[in-house]
Amino acid sequence: MSMAAAAAGLCCKPNHYHQFLFYSDNSPALPRSSILLCSPLTIRIRITLMIPNEFTLFSSSSTSLNCTPFPSLSSSSSSRHSPMAAEISIVITSKEEGSVARVERLWQQFFSDPSQWWDRRFDKGNPEAPDFEHKTTKKALWVADRFSPSWLRAKLATLNPQQSSSSSSSSSSIECSGEAEIFGHTCQGSRTTELWEEFFSDPSQWWDTRNDKRNPRFPDFKHKISKKALWIGNRSNPPWVHARLAAMVQYQEQRESFFPTPEVSEPLERNSCGKSFSQIHRSGGTTDLSSPKYPDFRHKSTHEGLWIEGWLNPSWVKEKMAPMAFGQIQSGGGFGGWLPNSFCNIDNVNKLCQEGQLKEAVDMVELMVQRNIQAPINAYICLLKACARRKDLTEGNRVHALIVQSGLESDIFLGKSLVDMYAKCGSVLDARKVFDTMTEHNIFSWTAIISAYANNGQCEEAIKLFQQMQQTAGIVPDKVAFVVVLNACARVAALEQGKQLHSDIITSGFESDVVIGNTLVHMYAKCGCIEHARQVFDKMSERDVVSWSAMIAGYGQNGLVKEALALYEQMTQEGVHPDNVTYVILLKACTSIAALEWGKQLHFDIIRSGFESDVIVRNTLLDMYAKCGCIQRAREVFDKMSKRDVVSWNSMIAGYVKWGCIEDAREIFNEMNERDVVSWNAMIAGYAQQGLGKEALALYEQMKQEGMRTDDVTFVGLLKACASIAALEKGKQLHSHIIKSGFESDVILGSALVDMYARCGCIEEAREVFNNMNKRDLVSWNGMIAGYTQHGLGREALALYEQMKQEDVQPDKVTYVSLLKACATVAALEQGQQLHSEIIKSGYQLDVVIGNTLVDMYAKCGCLEHARWVFNKTRERDVVSWNAMIAGYAHLGLGKPALALYEQMKQEGVKPDDVTYILLLKACASIAALEQGKQLHAHIIKSGFELNVTVNSSLVNMYAKCGSMEHARQVFNNIYERDVVSWNAMLAGYAQQGLGKEAITLLEQMQREGTKPNDVTYVSILSACSHCGLVDEGRHLFDSMCKEHGVPTHHGSLCLHG
């Protein structure tokens, strides 16, 4: 390109060029791609075009010119690769005449005392650096400055170099003249040549900084010790520099030794000066001038380095590298004596961890450690976090071993990460060991170990550690530490420690922090101190939605649902928008007290707020409707869910099970695509609650066939199923599975086993399980006491209660109910009165169930006055209360008071049930009150109990004992499904009336219809034969029942000789 064309490109099309800056006269610091020639009227530019998009035009003028490289240069990729030289002359008029005088004054100041100036002429590697620099003011002077006075060179020629303060020992005088003098070729050429020769003699002693430098004034190479500098674009460089740089082919030879038989061999692309294009664009390491600083592979013996991204690489390198997986590298396949360095970097480790290949990531680091290559600390931290996320203790132990092997166990950040990893993997003991072996602790390591104990249920130890941190270690807690220990106090309701922490927070100045305030509210609420929680809440200067949610949750957890809803109203009035967590908390509060109407209002607010599509909110809505008895609305919510998770399905199943809709629950269960153990457990528990033990056990077999793993809840449901149908053998098999599964020590399962054995009639086995329990809770004691009571072993039940008190276990309502029933079975009035006294002290006397059981106990002990006193004191009497009192009268044959109580019951609007009518019929029978019995019969028909087998049997018995056998037989004939009790009632009526032949005929009919007689049947028939003198028939029946049914002989003997 000609000079005229270059000038035309700059002058005619200024809009196509980058903006060039103009520096002041005394500091023309130029980029290495431009060199300035100045005179008072003309700017002459010499451009060595190394990076054509970066060159600058300077002038002493304060104006600026817009100019860029020529279009032909910027558009052609080939021209970019070839350095060019162009000289452009632009004539401008300078009006800065004052600059000449200023530069002349500086030179005069220099010659007045040269010792105050640094002489940089002979040791500067950068031609753009100043020739002289003042030691104090840092003013700079350039010999080639176009404003320099005309007498400068003559005076410099006479200046002794020792007069300047330059550290250079050169004594040569300045002999530069003409254009060569201005460019400085002669002044610095020899010095620069010596530096390049030193560089090529041992390149390993020089840093290659080309890729790292951000300023073109920074050197390209810098000596590691002497800090001498070299620039590739220096105009003083000898002409052979580029050729020798390009001739450094050792790097390519190393590539060929790595791939012994390359399929492709490409020569390096070079520009017109013999310089590799990669040397312009990419910096290298310490031995390879064209690659990043650290090699990807290093030879085990020669320590030579290879870089995958090296610019001198042949094109086939990456193609051959791609199929080589990490497993090949680990085993050494295809790599010979080369060791991969770059495979162990934070990016590769992090990528493997994110892809779920934790073991491979650990293997990678382990390989580096085995080959004595230091893996970065961040790689270990990344691995520990991945182990914590996956709760993989095995790989975590491996990483810990590698850290120790690498000598990094004293690193405080790795120590903290190790503590976190062990804590999240559930190994608090290992976390504590790491913490104790750390040579130095800070607030982060202390917080990590405190959090480890708190998150693994050892909150008391977490609180102690926090106190130790303050008192022994003298470390001031930060906000995070306070939050962790406050949550620990909340979990164990440590109110006093929480109050002390509150005081420390005020002292530390964290009281105004919104996160601290929220945690304090949560802590006080969990400790049951709702007043303090509200005080903290009211004093908060800044409250967010979490603050309101925490306070609402506090009210809900303490049963103050109305207050929670009132606070919700206040929240909305103050313009704070609830989030999904707020609505979940409110819905759970409504569920706790079955507040259906409030729940419906919240549902409306949820729809209006746009949270109806939130899966968690919808699941909580579904659960609220189901538990509040609105199962139809729950199903509507379920059906409208566009996206259901397993919780949605399980909530619907639990809702149906709760309200006895077992078929609907099974239908939902069968529709599930993916079931978890909760789904199976809910269904098994539902069958057990409905007394469908066989269906529950069948579902368990299906569960095992589908490979679903059982848990402790599964076994509890199955044991209840066995108890409901007295399936003793299956219960024993489950007991064996429980032992094999390692659940034997579980308290809940132990209690369920006790209940199962007791209800199956194996009271000795139940007591054996009870005695073998390592830890017994109140449920365990209640189960054993109830077992004794159900089997009529009242004395044993009362004795076990005394043992329970000795072990300092406090009874509850269930305990007292079982004990009162035990007293009733053995007529233990004195013990019953003692229990009554304890009940009053415990505050249970107002409980309706306790009151009913007390009435029953006193009545069965024959103390009707005490029974009636308790009955009258009971504030809320239900039908069971009335039945208990009526039963007391009927049991003692006091029919009239029983019937009078029935009249009072009707007046108070209490609706009788089937048990009430059975008791009243018994009372009528005891006093032969036929008319009252007939009236009761009419009430029974109106109430819809005429089809009840037990009620009909009682009617037969009442009519028979009242002497009305016709009515008795009429009722008996109308019974749709007769049981043995119905037959026995009719037989007893015939026996009482001395109708032996009718009794024998009825027995034959009973046997023909397939009802098996029992001992009561034979006692009644023999009594009928005895009363009417049918001795022969009676003996024949006696012999028959002894042979066919194994009836004890003493029953028949008593009847026949009675």
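Keep in mind that what you see is a predicted model, and the values were worked out from it rather than measured. (Residues numbered from 1 in each chain as written. Predicted model: local features only at pLDDT ≥ 70, side-chain atom pairs only at ≥ 80, totals over all residues. Heavy atoms only, no water.)

Q: Looking at this structure, I do not really get the overall build of the chain. What am I missing?
A: Along its length, the chain carries 55 helices and 14 strands. When burial is assessed residue by residue, the chain has 47% of its 1058 residues classed as buried. Across the chain, every contact between residues at least 6 apart in sequence was considered, and the portion connecting residues at least 24 apart equals 61%. By element, 50% of the accessible surface of the chain is carried by carbon and sulfur atoms, the whole surface being about 51800 Å². (Helix = DSSP H or I, 4+ residues; strand = E, 2+ residues; numbered from the N terminus. Buried < 20%, exposed > 50% of the residue type's maximum accessible area, 1.4 Å probe, protein only. Contact = heavy atoms within 4.5 Å. Areas by Shrake-Rupley, 256 points an atom, 1.4 Å probe, with all protein chains shown as cover.)

Q: Explain the packing of helix 26 (residues 561-573) against helix 27 (residues 580-592) to me, please; I cannot follow it from the model alone.
A: Angle between the axes and distance between the axes are the two parameters that describe a pair of packed helices. Interhelical geometry of helix 26 versus helix 27 gives an angle of 150° and a closest axis separation of 9 Å. Here helix 26 lies roughly antiparallel to helix 27, going by the angle between them. Where helix 26 crosses over helix 27, the two elements pack in a sense that is left-handed. Across the interface between the two elements, Val561, Ala564, Leu565, Tyr568 and Met571 of helix 26 pack against Thr582, Tyr583, Leu586, Ala589, Cys590 and Ser592 of helix 27. When grouped by side-chain class, the residues that make up the contact of helix 26 with helix 27 number nine nonpolar, two polar and no charged. (Axes fitted to C-alpha atoms, helices over the stretch in contact; angles between N-to-C directions. Parallel < 35°, antiparallel > 145°, perpendicular 65-115°, else oblique. Left-handed = near helix turned anticlockwise from the far one by under 90°. Nonpolar A, V, L, I, M, F, W, Y, C, P; charged D, E, K, R; others polar.)

Q: Would you take a moment to explain unusual backbone geometry for this structure?
A: For residues besides glycine, phi is generally negative; the peptide bonds are generally trans as well. In this model, Ala493 sits at a positive phi of 55°, which is unusual for a non-glycine residue. Turning to its location among the elements, Ala493 is positioned in the loop between helix 21 (479-491) and helix 22 (495-508). Even without being a glycine, Asp808 presents a positive backbone phi close to 60°. With respect to the helices and strands, the residue Asp808 is situated in the loop between helix 40 (794-806) and helix 41 (813-825). By relative accessible area, Asp808 is classed as exposed at 58%.

Q: Sorry, what's going on with the sheet that holds strand 11 (residues 229-230) here?
A: If you walk across this open sheet you meet the three strands as 9-10-11, and the pairing is antiparallel. If you trace the sheet from one side to the other, it starts and ends with strand 9 (206-208) and strand 11, each paired once. Note that strand 9 and strand 10 (residues 221-223) share three bridges and pair antiparallel. Note that in strand 10 the partner of Trp206 across the bridge is His223. (Pairing = 2+ DSSP bridges.)

Q: Where do I start with the sheet that holds strand 8 (residues 140-141) in this structure?
A: Strand-to-strand pairing in sheets goes through backbone hydrogen bonds, with the strands running parallel or antiparallel. As summarised here, the arrangement of the three strands in space is 6-7-8, forming an open sheet in which the pairing is antiparallel. Looking along the sheet, the strands with just one partner apiece sit at the ends: strand 6 (117-119) and strand 8. In the sheet, strand 7 (residues 132-134) pairs with strand 8 via two bridges, with the strands oriented antiparallel. Within strand 8, the residue paired with Phe132 across the bridge is Leu141.

Q: Explain the packing of aromatic side chains here, please?
A: Between two aromatic rings, the relevant description is the distance of the centres plus the angle of the planes. Applying the stated criterion across every chain, the model contains 28 aromatic pairs. Between Trp196 and Phe199 the ring centres are 5.6 Å apart and the planes differ by 90°, which places this aromatic pair in the edge-to-face class. One end of the pair is Trp196 and the other is Phe199, both in helix 7 (residues 185-201) and three residues apart, which spans about a single turn. Comparing Trp196 with Phe199 shows no difference in burial state: the two are buried. (Phe/Tyr/Trp six-rings, centres within 6.5 Å; stacked < 30°, edge-to-face > 60°.)

Q: Can you walk me through the environment of Ser943 in this structure?
A: Relative to the elements of secondary structure, Ser943 occurs in helix 48 (residues 930-943). Taking the relative accessible area as the measure of exposure, Ser943 reaches 35% and is therefore partly exposed. For Ser943 and Asp913, which are 30 residues apart along the polypeptide, the C-alpha to C-alpha distance reads 8.6 Å.

Q: When you look at a positive patch on the surface in this model, what are you seeing that I'm missing?
A: On the surface, a cluster of positive charge is contributed by Lys385, Arg389, Lys391 and Lys424. Mapped onto the elements of the fold, Lys385 is located in helix 15 (residues 377-390). (Patch = residues over 30% accessible without salt bridge, like charges linked within 9 Å, V, L, I, M, F, W, Y side chains within 5 Å. Salt bridge = Lys/Arg side-chain N within 4 Å of Asp/Glu carboxyl O. Lys, Arg positive; Asp, Glu negative; His and termini not counted. Charge placed at Lys NZ, Arg CZ, Asp CG, Glu CD.)

Q: What should I look at first to understand the nonpolar core in this one?
A: One recurring pattern in soluble globular proteins is that nonpolar side chains are buried together. Formed by 236 residues in total, the largest nonpolar core has its most connected members in Val349, Tyr380, Leu383, Ile449 and Ile653. With nine residues, helix 21 is the largest single contributor of residues to this core. In this structure Leu383 touches Val349, Cys353, Leu358, Ala361, Val362, Val365 and Val399, once residues within four positions along its chain are discounted. With 12 residues, the next largest nonpolar core counts Val103, Leu106, Trp107 and Phe111 among its residues. (Core = buried A, V, L, I, M, F, W, Y, C linked by side-chain atoms within 4.5 Å.)

Q: Sorry, what's going on with the packing of helix 27 against helix 29 (residues 615-627) here?
A: Interhelical geometry of helix 27 versus helix 29 gives an angle of 10° and a closest axis separation of 9 Å. Between helix 27 and helix 29, the crossing angle belongs to the class labelled roughly parallel. Side by side, helix 27 and helix 29 meet where Asn580, Val584, Leu587, Lys588 and Thr591 of the first sit next to Ile616, Val617, Thr620, Leu621, Asp623, Met624 and Lys627 of the second. Across the contact of helix 27 with helix 29, the residue classes break down as six nonpolar, three polar and three charged.

Q: Please explain the pattern of salt bridges as it appears in this structure.
A: Should the charged atoms of two oppositely charged side chains come close, the side chains can pair. Scanning the model with the defined rule gives 29 salt bridges in all. The salt bridge involving Glu612 is made with Arg618; its shortest N-O contact spans 3.3 Å. Residue classification places Glu612 among the partly exposed positions, given a relative accessible area of 22%. Put simply, Lys805 and Glu802 hold a salt bridge, and the shortest N to O gap is 3.5 Å. Here Glu802 and Lys805 lie together in helix 40, a separation of three residues that amounts to about one turn.

Q: What's the story with helix 19 (residues 443-455) in this structure? I'm lost.
A: Residue pairs three or four apart in sequence face the same way in an α-helix, which turns once every 3.6 residues. For helix 19, which comprises 13 residues, the first-to-last C-alpha distance of 18 Å matches the rise-based estimate of 18 Å (1.5 Å per residue) to within 8%. Counting buried residues along helix 19, 11 of its 13 residues qualify, which places the element largely inside the surrounding structure. Where helix 19 is concerned, the buried positions are Ile443, Ser445, Trp446, Thr447, Ala448, Ile449, Ile450, Ser451, Ala452, Tyr453 and Ala454. Buried residues along helix 19 sit against helix 17 (412-424), helix 18 (428-437), helix 20 (459-471) and helix 21. For helix 19, the N-terminal cap is Asn442; the gap from its side-chain oxygen to the backbone nitrogen of Phe444 is 3.1 Å. In the segment just after helix 19, Gly457 is the residue with positive phi, at about 85°. (Expected span 1.5 Å × (residues − 1). Polar contact = N/O pair within 3.5 Å; in protein donor to acceptor, adjacent residues only side chain to side chain.)

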